[in-house]
Amino acid sequence: MSTVQRAPRRDTPDAPDPEPDSEEDSPARPRRRGSAARLSAGLLVLGLLVAALAILSVAVGSRAMDLGEVWAGLSDANSSAYPVVTELRLPRTVLGLAAGAALGLAGALMQAMTRNPLADPGLLGVNTGAAAAVVTASFFLGSFGFTQTIAFAFFGAAVASVAVYLIAGAATATPARLALAGAAVTAAGFAYVSAIQLMDAATLDQMRFWSVGSLVNAHVAPMLPVVLLIGVAALAGFSLARPLNALALGDATATGLGVDPRVLRVAGIATITVLAGTATAVCGPIVFVGLVVPHVVRFFTGPDQNWVLPYSALTGAAFLLAADVLGRVVGRPGEIQVGIVCAVAGGPFFLYLVSRRKVARL
Amino acid sequence: MSAVTTPFRAPGGAGRAAVLRLGSISIRVRYRTALAVLGAFAVLVAVALWSAATGSTALGIERVWAAVTGTGTKGDEFIVWTLRLPRIATGLAVGACMGLAGALFQNLTRNALGSPDILGLTQGATSGALVAIVLTSSSLQVTTVFAAIGALATGLFIWALTRGGDPSGYRLVLVGIGTAAILAGINGYLLTRTTIIDAFRAVYWLTGDLSGRDWSQAASVAIVLGVGSVVVIVLSRSMDALRLGEATATGLGVRIGSTRVIALVTASVLTAGAVAVAGPLAFVALAAPHIAARLTGSARSFLCSALVGALIVTAADMIAVAGVGGRQLPTGVVTGVVGGAYLVWLLIAHRKKGVMS
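Counting starts from 1 at the beginning of each chain's written sequence and moves along it residue by residue. Chains carry letters and ligands carry numbers; both start at the beginning, A for chains and 1 for ligands, and go up in the order they are written. With pLDDT at 70 or above as the cut-off, local features in this predicted model cover only qualifying residues; side-chain atom pairs require 80 or more to be listed or tallied, and sums for whole chains, interfaces and linings still use all residues.

A. The arrangement of the overall build of chain B in detail. In terms of regular secondary structure, chain B is built from 14 helices and two strands. A compact globule built from 357 residues should have a C-alpha radius of gyration of about 21 Å, and chain B, at 21 Å, falls within 12% of that. Counting only C-alpha atoms and orienting by the principal axes, one finds that chain B spans roughly 60 × 50 × 40 Å. Think of it as a crowd count around each C-beta: if 20 or more other C-beta atoms lie within 10 Å the residue is buried, if 12 or fewer it is exposed, and in between it is partly exposed, with C-beta placed from the backbone throughout. Put simply, chain B has 357 residues, and 57% of those count as buried. Within chain B, residue pairs in contact and separated by at least 24 positions form 73% of the contacts whose partners lie at least 6 positions apart. The helix count covers DSSP runs of H or I at least four residues long, the strand count covers runs of E at least two residues long, and both are numbered beginning at the N terminus. Atoms counted for the radius of gyration: C-alpha only. Globule rule: 2.2 Å times the number of residues to the power 0.38. Any pair of residues counts as being in contact when their C-beta atoms, constructed from backbone geometry, are within 7 Å of one another.

B. Expanded view of the interface of chain A and chain B. Counting residues at the interface gives 61 residues for chain A and 60 residues for chain B. Counting residues per element, the ones that place at least two in the side of chain A that touches chain B are helix 6 (175-199), helix 7 (201-210), helix 12 (287-301) and helix 14 (338-356) of chain A. The element that contributes the greatest number of residues to the side of chain A that touches chain B is helix 6 of chain A, accounting for 17 residues. Residue polarity follows a fixed list, in which Ala, Val, Leu, Ile, Met, Phe, Trp, Tyr, Cys and Pro are nonpolar, Asp, Glu, Lys and Arg are charged, and the others, Gly among them, are polar. Grouping the amino acids of the side of chain A that touches chain B by side-chain chemistry returns 36 nonpolar, 14 polar and eleven charged.

C. Structural context of helix 5 (residues 121-136) of chain B. Residue and element names in this part refer to chain B. In a helix, the anticipated span is given by 1.5 Å times the number of residues less one. An ideal rise of 1.5 Å per residue puts 22 Å on 16 residues; helix 5 measures up with 22 Å between its terminal C-alpha atoms. Buried residues dominate helix 5, accounting for twelve of its 16 residues. Taken as a whole, helix 5 has its buried residues at Leu121, Thr122, Gln123, Gly124, Ala125, Thr126, Ser127, Gly128, Ala129, Leu130, Ala132 and Ile133.

D. Region of interest: helix 3 (residues 60-69) of chain B. Residues and elements named next belong to chain B. What helix 3 keeps buried is the set Arg63, Val64 and Ala67. Projection of helix 3 onto a plane perpendicular to its axis shows the buried side chains occupying an angular sector of 100°, all on one side. When the buried face of helix 3 is taken as reference, the exposed residues oriented beyond 90 degrees from it are Ile61, Glu62 and Thr69. Residues of helix 3 that are buried in the fold lie against helix 2 (31-53) and helix 4 (74-109). Looking one or two places after helix 3, you find Gly70, whose phi comes out positive at around 85°. The arc in question is the one spanned by the directions pointing from the helix axis to the C-beta atoms.

E. Summary view of the packing of helix 12 (residues 284-296) of chain B against helix 13 (residues 302-322) of chain B. Residue and element names in this part refer to chain B. At their nearest, the axes of helix 12 and helix 13 sit 8 Å apart, and the two run at 120° to each other. In terms of axis orientation, helix 12 runs oblique to helix 13. When you trace helix 12 past helix 13, the crossing you get is right-handed. Residue-level inspection shows Val284, Ala287, Ala288, Pro289, Ile291, Ala292, Leu295 and Thr296 of helix 12 in contact with helix 13, the latter providing Cys304, Ser305, Val308, Gly309, Ile312 and Val313. Considered class by class, the residues forming the contact of helix 12 with helix 13 number eleven nonpolar, three polar and no charged. Note on geometry: axes are lines fitted to C-alpha atoms, helical ones only across the stretch in contact, with angles between N-to-C directions running from 0 to 180 degrees. Our angle categories are set so that under 35 degrees counts as roughly parallel, over 145 as roughly antiparallel, 65 to 115 as roughly perpendicular, and the remainder as oblique. Two helices cross in a left-handed way if the nearer one is turned anticlockwise from the farther one by less than a right angle. They cross in a right-handed way if the turn is clockwise.

F. Broad picture of the confidence of the model for chain A. As a per-residue measure, pLDDT reflects the predictor's confidence and takes values from 0 up to 100. Confidence in the prediction of chain A, expressed as mean pLDDT, is 78, and 88% of residues score 70 or more. Taken as a whole, residues 1-31 of chain A scores under 50 in pLDDT and shows 60 contacts with residues more than four places along the chain or in a different chain.

G. Broad picture of the nonpolar core. In plain words, the nonpolar core is the set of buried Ala, Val, Leu, Ile, Met, Phe, Trp, Tyr and Cys residues that C-beta atoms within 7 Å link up. Counting 232 residues, the largest nonpolar core has Ala102(A), Leu275(A) and Cys97(B) as its most contacted members. Residues contacting Ala102(A), with those up to four places away along its chain left out, are Ile230(A), Ala234(A), Leu275(A), Ala276(A), Thr278(A) and Ala279(A). Counting six residues, the second largest nonpolar core, distinct from the first, contains Ala59(A), Val70(A), Ala81(A) and Val85(A).

Below is the structure:
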């Protein structure tokens, strides 16, 4: 599919859909950014990096361990490291991997589907929906357990993204309408959340920690369903690469190539909702990963979704884990929430890339 | 990407129009645009009058008029001149600033989502305000100054990073979201590191409110609005040309680089002025240009966008004052709901004959 990289994005002149799709501010002309062999090798290196970060994430914490201790903690139920490793750090690492991959992949899917570089999974209303549900539950039911929080948040995220899809016109939804509907729902939801927070200080106190995004609750999260949901949705997401490449040529061309844009949009939105909804429900909104990782990835891969999607998932996982480790090291003996580290450490790197390299358009 | 980055296109045909000539200057006025502008203006006047007449003490139009002309009672004059009019004036100016800034940003980035909220200026203002609230726990005036400095510094930062090189709006978009993300992280950090009382004040500021604004604040936003409007009027022809693409604009004799810089600076100043005084009223800057475009059927209406922005803020403030269950709400809570709900309605109602979608 690498030929897609060169394709200029223009609708046929007699396109029936009056989308303002035919204007292009400058001709699409990205160079090919790497051969398949190079990109495969890169994927392998990235996988190794993720593995190394995972080991580091188990070893680093308020009590640092060397590799021997980590191994003992994993294998020997009698060692002193065993409870720390299996009950705290391992779940945290697994959650970091799963959530990072989910957010990176969801972001790449979202940007490909809306064809908008400003789109992040939150634009489907996922974050707002989750926040609104958590706030509502916290306000009316008082305090409750973490598992219930996850359930409420996931439910809210799903409801919000369905609402966005319906408002955007369901089967007639276009990328621009999806983006606008998402922005409108986000704004209304944000207003609701702040209204409740201002009425109830206890809710505010809970929300200000939830809303920065953190992996701190990993040990009480129901790991198996979370990992299963993200795994299945990730597989579904990867399978969308080819149709998304066709969609990049415009709705009319995609239809000509045998891809039904409406079906693709439904599949994409469902996948993104499960991926981002699950991650957000457990960790709180970590906007940065979904928004920025796909851009960074496209600097290296070009716009071919066959590469962008797996790269985004792995880079997201690596990035979130690295940020979490950094937050634990810098904030010792406490920690700095991973969402904050992501933005403050990753942001400047992103800005450096943007101002140095030629930007890769979607 | 292109579907959303070029949202501004008139629907089939440019519509019927009249041409006004005055000496060597001629302006083409589309009937529908004129109708939309006049309609928005009429509703705006009605809403402003209504909010002057209602409130915790209902005065009615006659008593408001008497107070304005100086023939009312002392109490009425106090309510109208000291409490209500400054607040309404601030709301009008703030809304117009935000509407203009949003239209400028959407033109600059050629992106339907391009707004000061997404490109980091609002977050910059918030960082400034949070520093003032959390670190110095200072008064509203200091918070205002810090917020303005934050927004302007962010604008400067974005400009410095986008200067030179790729002149398209794309780099601006990327730099903007990167900056916004960093600042949002800092803001979240500041919020988690403070006492619940300061956090409450911070969230209150973050929501945005117009209560207790006085004439000096109204005047400062009005000055910003006036300067911004003049620049926008001067710039509007170049901005129109830019929408046709860089190559065409260059061919038409437009200096792309300086046009963009001036537009970016103007939008930053407008945002800084509005946000500093009223807080980051959610969604006004993003929604106003879209609603304006749907009303006029054309994207090139800075005037209508400013009017719609003012209308959203004023109407939202009226609802906020009426409140829910006897409690006044912060204005920012209502702008999000009003703007969001209206845009949702427009999206649904205009599903078939969508202007920009």
